[in-house]
Every structure is written in C-alpha cells, then in structure tokens.
Amino acid sequence: MHEPLLHARGVKKYFPVRSGLFRRDVAYARAVDGIDLDVGRGETLGLVGESGSGKSTLGRILVGLMKPSAGELSFDGTQIADLEGAELRRFRRELQFIFQDPSGSLDPRMKVRDIVGEGLDAQGLERGARDRLIAEMLDKVGLRREAAECYPHELSGGQRQRVGIARALVLRPKLVVADEPVSALDVSIQSQVLNLLVELKRELRLTYVFVSHNLAAVSYISDRIAVMYLGKLVELTTTERLCRTPLHPYTQALLSAVPEPIPGRSRQIVVLRGDIPNPIEPPSGCRFRTRCPLAQPVCAEQEPQLMPKSVGAGEHLVACHLA
Amino acid sequence: MSLLRVENLRTYFDTRSGVMKAVDGVDLDVREGKTLGIVGESGSGKSVTALSIMRLIERPGRILPGSHIYFEGKDLAAASERDLEAVRGNRISMVFQEPMTSLNPVHTVGNQIIEAIRLHRRMSARQARERAIELLELVGIPSPERRVDAFPHQMSGGMRQRVMIAMALSCEPKLLIADEPTTALDVTIQAQILELLRQLRDRLAMAVILITHDLGVVAEMCDDVAVMYAGEVVERGSVEAVFRSPQHPYTEALLRSIPLLGMTKAEPLNVIPGMVPSALRWPVGCRFAARCSYASDHCHRKPPEMFATGSGYAACWLRGDTVERSQPGATADA
C-alpha cells in the first residue's frame, strides 16, 4: 500500500440524545464507534453501508466538516487537532467534500461563477486570475462557459452536480470525500458523473473517499472498499477480493442483495431478517449478530476485532468470529 | 390472457408555461398473474401512467379522449367515478414509494387497514380487525396482534412499506401497481420487500405493475418490461428478450451505462450524452434522436412508429426496414 495520506485511529462520534424538561443528555447515539482507517495517496477508498451505518458521519469527520468525539486524525503527516489559524485554513483547502444533493448544497441566490469562486476568495486573487481559474474548472467538469452566469435552478441535476464537483476541485485539494455523489441523479446521468470523477482523479492526481450505499457504483470506482455496519468497520480489502471472496456475513448479504440487470441469473440471495438496530443501544458483542444467519453464542459475548485474514496476497481485514 | 390493456393513453397537464404532455400515446399490456416492469428515468411519464390507470389524475391534469384502459371488460378511461370506486383499492391497488407520507400519522396502522377493508367489504369491526392482523402476518410483520395498534412513526421504513402492502392486498386485488416500492429503502430491506412481493404475487395469483428506475429490479422481478422515454413507450417485450438483445438504442444505452458488480474503472461506462427533453416541447421526430448515436436526419424529422421486432416492439426507425408494422394494441407476448 501507498504511504497513507489520511490516517485515522479510534475515531468516534457520539450524538447526544436529549430528553426531559431540562433537555439533559440521556443517552448517546454511537454513530461512529471506533474506526481505524488509512487512506493511501492516490487511491479511491469506497465506504459502503446502509442508513445508520455511520458512513456519512465518518466521511464528514475525515474532511474536518465535523469534529470527532474521540480519536486521532492525521493528514499528510500532520495531526489535525493541533492545527490553528492559517495552517488550519490551508488544511481545509486540501480536503474537500462533494455533497449528495446538488440542489440543496448550492446557494440558490448565487451564480455558478460565485459558487465555484467562493473558496478562492480567501486567497486574495485578482479578478482576472480568479475568473480564469473558474473558467478552467467549469471546462474540466464539462460545463459550458455560459453556465458561469447561471443560477442553480437554471441547471439540470447532472449539471448542478458538476458545479458541486467544480467547487470542490477548484481549490486543488489532495483529498476529496464524495458522499453519494450520484445517488440523486438519473441512471443515464450517473454514468456521466462517474466517468467524470474517474477522469478528474487521474488528471488532478486526487485521492478519493467515495461514500455510497450503491455497491455496484462503489466497486466500479474504488480500489479498496470498507464496509460499515452500525458505526463499525466490518470488512476492509481490495475491491476485487471483496467482490469475489467476501468474508463477513454482512458483506455477503449486501453483495447478494444488489439487483443486477441480468435476467435469469441464478444466485442465492441472502435475505437478512429485521432492521438495523438502534445505534443508541447497539447489540452486545458483534453488532450484526441480531440479523446474522450464522450467529453463535460467542457473537453475543465478545466483540469481534478487525483482524487480518491471510488468504493469499493482499490485505483483507474482517471483524467476525466465524470468518 | 391480458388482464389490463392500455391503448393510446395520453395524459396532459395544463400549466402556465403550456401543455405538458407527460404521457403521450402509451400502449401497455399486463398478462394475468404476470409482472410488468415499467422502467424509465424521472420525467419519462411512468408514474403518471400508473396514476392514469387508477384514474387518479386531478386538474390541471387530464386524460385525453381516445385513451383506453381496458380492465376486466371495462374501459376505465370512460368509467364513472362510482364504477371506479368499486375498482380502486379493490380490484386494482397501489403501493407508493414513500410509505411515511402515504400512511396517516395520527391513526394506528390497524385502523387504516380496517378502513381499507370496510370500504369494500361488509364486515364487522371485529372481523375486520381479525383480517387486519391476518394481513400483517401475511406481509411478515412480527407479533401482528401487537403491531396492529402501533402508529406509523413507531415502525421502520421497511415495516411501513409492509403495512402499505398489507393495506393494498386487503381486498385481494387482481392487479397491484407498485410505484418505486423499494427506492426509499436500504439494499437489504429492499431485498426483503422484493422477496415478499414475489411470494405474495405467486400465492395470490395477482398481476403486478412494477414501476422503477432500477433495471436490476426489473430483471429480478418481472416477466415483461416496457421502457419509457419522454412520455412514450419506446420498447416492450419479455424481460429476457429485451435485456438480452435490446432493440431500441435507448434501452441498449441504458443497459450499458450501469456499472455491474465486478466492473472496474478501467472500462469507462457508456454515457448517454445530454438530457431528457422538456415535456412542454417534445422534439418533432424521435424524442431520443438528439442523444442517440445511430440517429439519422430522418429520425429528427419523423417520429418512429412501433415496429414488431420478433420478440417485442420497438419505436425506432432502425427496426422499420425488415419487419412488418405492429398493429395498435397488439400484445407483446408470444
């Protein structure tokens, strides 16, 4: 593996649950509960999971949009928690975020030019240089030059997502976290945006964390995939290994549940019982055990750790007593 | 045998900017006990088609004269409101995408199911409650005798969708229309609901119209498929035939634009350039021509007819040279 660009250890995020007359914290929803994760320079790491898995929260923590409740995070060799002032601002530039809903994340009263240019303003560029950078970026994301003078509502969903990508990339970040960047788009537009993300990564030598519930899209774009369930990583390995030999029962179920446009395909769908449990009171031991078709008594007693499984070459981490 | 036959369905909406031709001459055929998938992107008219079949179109929308919706020997397009009430929720039921907004938050799920039952069946309150519990059990809700008194917000998204299905099945319809029933759900919950729909369909011998944007769901659930684009059906036939060898360039391009598990970024995805035209101003010729890699001048000038393709129908001039023309209202099944 490459030298990690981003290094996370023991990252947690607990959200207080308030109740009663004085709105006291009565419990905590453990959205992200102790994650160790390295993101290699130049790689695309996929983060998959269902709602409540904590994948979006983790994605926001990784770019500094949200402060973790506990844990260490270092970027390019620097501890993020120690940063202040100008250094913090520089760091913020190098980490960018692409949102799922391109309409909700763009200010409707601003023209595309200013949405994309907003981040540049802190750099005190002269107008000509600023406009040049914006035009260049719009061109890179495949928007016509005239789009600079448009308001978001004048654009289609796919075009708005291109604006969101331009806004993130104009600052020349090193790491980009994209949270469900194609989920809100129509099928024929999804492939346009996926291809664009792949091209831009190559051209600008970016590192991606691609957060999504869509396993097919994640596996298409990612070099490695981390699977999350209820705030924990359950499996982490290369895309190829994960798709070919998934070891965690949850990953197996998830893979089998993806409907593919191939009629008559004979395959065993693992249908999981029940819903994802409440993150306020996660099950003891393995959090997946309440829905796991293979669960044993040990799964309720001991929490499985994310451990390397040595089957052939390549790192393959799994948190399962039975794998 | 066809259970439902839609012919030349046109549903327009009068808006301030002009007439929006959301559904513009759709033919469909649903075979008894079989599942038809209607697939298309947003704005293709698939949901409006479903609402039109149920005659749930309200002003400023209108179903145009000349549209026909034949179901059990009646033309629903011409039926009176009274006749429709006997059909809706009884012979034809519908399940929507977002169960939270379709359920009433201030009533228990049991009372909502009971109301649906008693609308069409003479039954005492106690009998109806028994039936509601039975239905909840049928759709796989654990401890139904307790859950019958739960409120929608006390249930998860998957459970609420099960309640919606229970309600839709309360009168054992011949046709269930499910509009994106799993789109709002997680993958593993989607698998549960699809599995449930499959079981119920077989057990109750009902036909299903499944409306979705997900070609994977169609491949997994449906016998027949109709592909919609810009208010029209551009291709229809058996799922097997259409997916194996799509006859319309849009279907083909769509199938090639989805990443499959195991595909890598080394193979770029097929891209359909541009976007769907506006329903206020459909193009003059083939509505897909501007995005089609096979389009010729002729395509831009003249809208294609529906041509028989051997295994189904496709509205594309490319298919027009070799095979005879389709008869209006002819069915796609062999």
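Anyway, here's the lowdown on the structure attached to this text. (Residues numbered from 1 in each chain as written. Chains lettered and ligands numbered in written order. Predicted model: local features only at pLDDT ≥ 70, side-chain atom pairs only at ≥ 80, totals over all residues.)

Thoughts on the overall build of chain B
Our working definition: What counts as a helix is a DSSP run of H or I of at least four residues, what counts as a strand is a run of E of at least two, and both are numbered from the N terminus. With C-alpha atoms as the basis for the radius of gyration, the globule rule is written as 2.2 Å multiplied by the number of residues raised to the power 0.38. Partly exposed residues are those whose C-beta has more than 12 but fewer than 20 other C-beta atoms within 10 Å; 20 or more makes a residue buried and 12 or fewer makes it exposed, with C-beta atoms placed from the backbone. Residue pairs are scored as contacts if the distance between their C-beta atoms, which are placed from the backbone, is within 7 Å.
Counting secondary structure elements, chain B contains twelve helices and 13 strands. Radius of gyration (C-alpha) of chain B: 21 Å, near the 20 Å computed for a compact globule of 334 residues. Taken over the C-alpha atoms alone, chain B extends approximately 65 × 50 × 45 Å along its principal axes. Out of the 334 residues in chain B, the part that is buried amounts to 49%. At a minimum sequence separation of 6, the contacts of chain B that also span at least 24 residues come to 62%.

Here's the deal with the pairing of strand E9 (residues 224-229) of chain A
Residue and element names in this part refer to chain A. Basically, it comes down to this: Between any two strands, pairing holds if DSSP finds at least two bridges.
By the criterion of burial, E9 is predominantly enclosed, with six of the six residues buried. Neither face of E9 is open: one carries Arg 224, Ala 226 and Met 228, the other Ile 225, Val 227 and Tyr 229, and all of them are buried. In this sheet, E9 lies alongside strand E3 (residues 44-48) in parallel orientation, the contact comprising four bridges. Bridge pairing links Gly 46 to Ile 225 in E9. In sequence, E9 turns back onto strand E10 (residues 232-238) through a hairpin of two residues, with Leu 230 there showing a positive phi of about 50°.

Observations concerning the packing of helix H5 (residues 157-169) of chain A against helix H6 (residues 187-204) of chain A
All names here are of chain A. Which entries qualify depends on this criterion: To define axes, lines are fitted to C-alpha atoms, for helices over the stretch in contact only, and angles between the resulting N-to-C directions are given on a 0 to 180 degree scale. By definition in this entry, angles of less than 35 degrees are roughly parallel, angles greater than 145 are roughly antiparallel, angles of 65 to 115 are roughly perpendicular, and the rest are oblique. Two helices crossing with the near one rotated counterclockwise from the far one by less than a right angle form a left-handed crossing, whereas a clockwise rotation gives a right-handed crossing. The nonpolar class holds Ala, Val, Leu, Ile, Met, Phe, Trp, Tyr, Cys and Pro. Asp, Glu, Lys and Arg form the charged class, and all remaining residues, Gly among them, are polar.
Running from amino to carboxyl end, H5 crosses H6 at an angle of 20°, the nearest separation of the two axes being 10 Å. Looking at the two axes, H5 sits roughly parallel to H6. As H5 runs across H6, the sense of the crossing is right-handed. Contacts from Gly 157, Gly 158, Gln 161, Ile 165 and Leu 169 in H5 reach Ile 189, Gln 192, Val 193, Leu 196, Leu 200 and Leu 204 in H6. Here the contact of H5 with H6 is composed, by residue class, of seven nonpolar, four polar and no charged.

As for the interface of chain B and chain A
In this complex, chain B contributes 39 residues to the contact, which on the side of chain A involves 36 residues. Residue assignment for the side of chain B that touches chain A shows that the elements contributing at least two residues are helix H8 (187-204), helix H9 (215-221), helix H10 (239-244) and helix H11 (249-257) of chain B. The dominant element in the side of chain B that touches chain A, judged by the number of residues it contributes, is H8(B), at seven residues. For the side of chain B that touches chain A, a count of residues per class yields 20 nonpolar, twelve polar and seven charged.

Some words on the sheet that holds strand E1 (residues 4-19) of chain A
All names here are of chain A. Strand order in the open sheet formed by four strands is E2-E1-E4-E5, with antiparallel pairing between adjacent strands. Only two strands of the sheet have a single neighbouring strand rather than two, namely strand E2 (24-40) and strand E5 (78-79). Looking at chain direction, strand E4 (residues 70-75) and E5 are connected through two bridges and run antiparallel. Of the residues in E5, the one forming a bridge with Ser 74 is Gln 79.

Observations concerning the nonpolar core
Residues and elements named next belong to chain B. Put simply, the test is: Note on terminology: a nonpolar core is any set of buried Ala, Val, Leu, Ile, Met, Phe, Trp, Tyr and Cys residues joined through C-beta atoms within 7 Å.
Ranked by size, the top nonpolar core spans 193 residues in total, and within it Leu 175 and Ile 209 carry the most contacts. Sort the elements by how many residues they give to this core and helix H7 (residues 157-168) lands first, with seven residues. With near-sequence residues (within four places) excluded, Leu 175 lies in contact with Leu 3, Leu 4, Val 30, Arg 91, Ile 92, Met 206, Ala 207 and Ile 209.

Let's talk about unusual backbone geometry
Among all residues except glycine, the phi angle is most often negative; among peptide bonds, the trans geometry is most common. With an omega of 5°, the peptide bond between Arg59(B) and Pro60(B) qualifies as cis. Phi at Arg172(A) takes a positive value of approximately 50°, unusual for a residue other than glycine. Counting through the fold element by element, Arg172(A) comes out in the loop between H5 and strand E7 (175-179). Phi at Glu172(B) takes a positive value of approximately 50°, unusual for a residue other than glycine. Following the sequence through the fold, Glu172(B) ends up in the loop between H7 and strand E8 (175-179). When the 11 C-beta atoms within 10 Å are taken as the criterion, Glu172(B) is described as exposed.

Here we look at the sheet that holds E9(A)
All names here are of chain A. Strand order in this open sheet of eight strands is E6-E7-E8-E3-E9-E10-E12-E11, and the pairing throughout is mixed. For this open sheet the edge positions go to strand E6 (95-98) and strand E11 (307-308), each flanked by a neighbour on one side alone. Where E3 meets strand E8 (residues 207-212), five bridges bridge the pair, whose relative direction is parallel. By the bridge assignment for E8, Gly 46 is matched with Phe 210. Sheet strands in contact with helix H9 (residues 249-256) are E9 and E10, and its direction is about 105° off that of E9.

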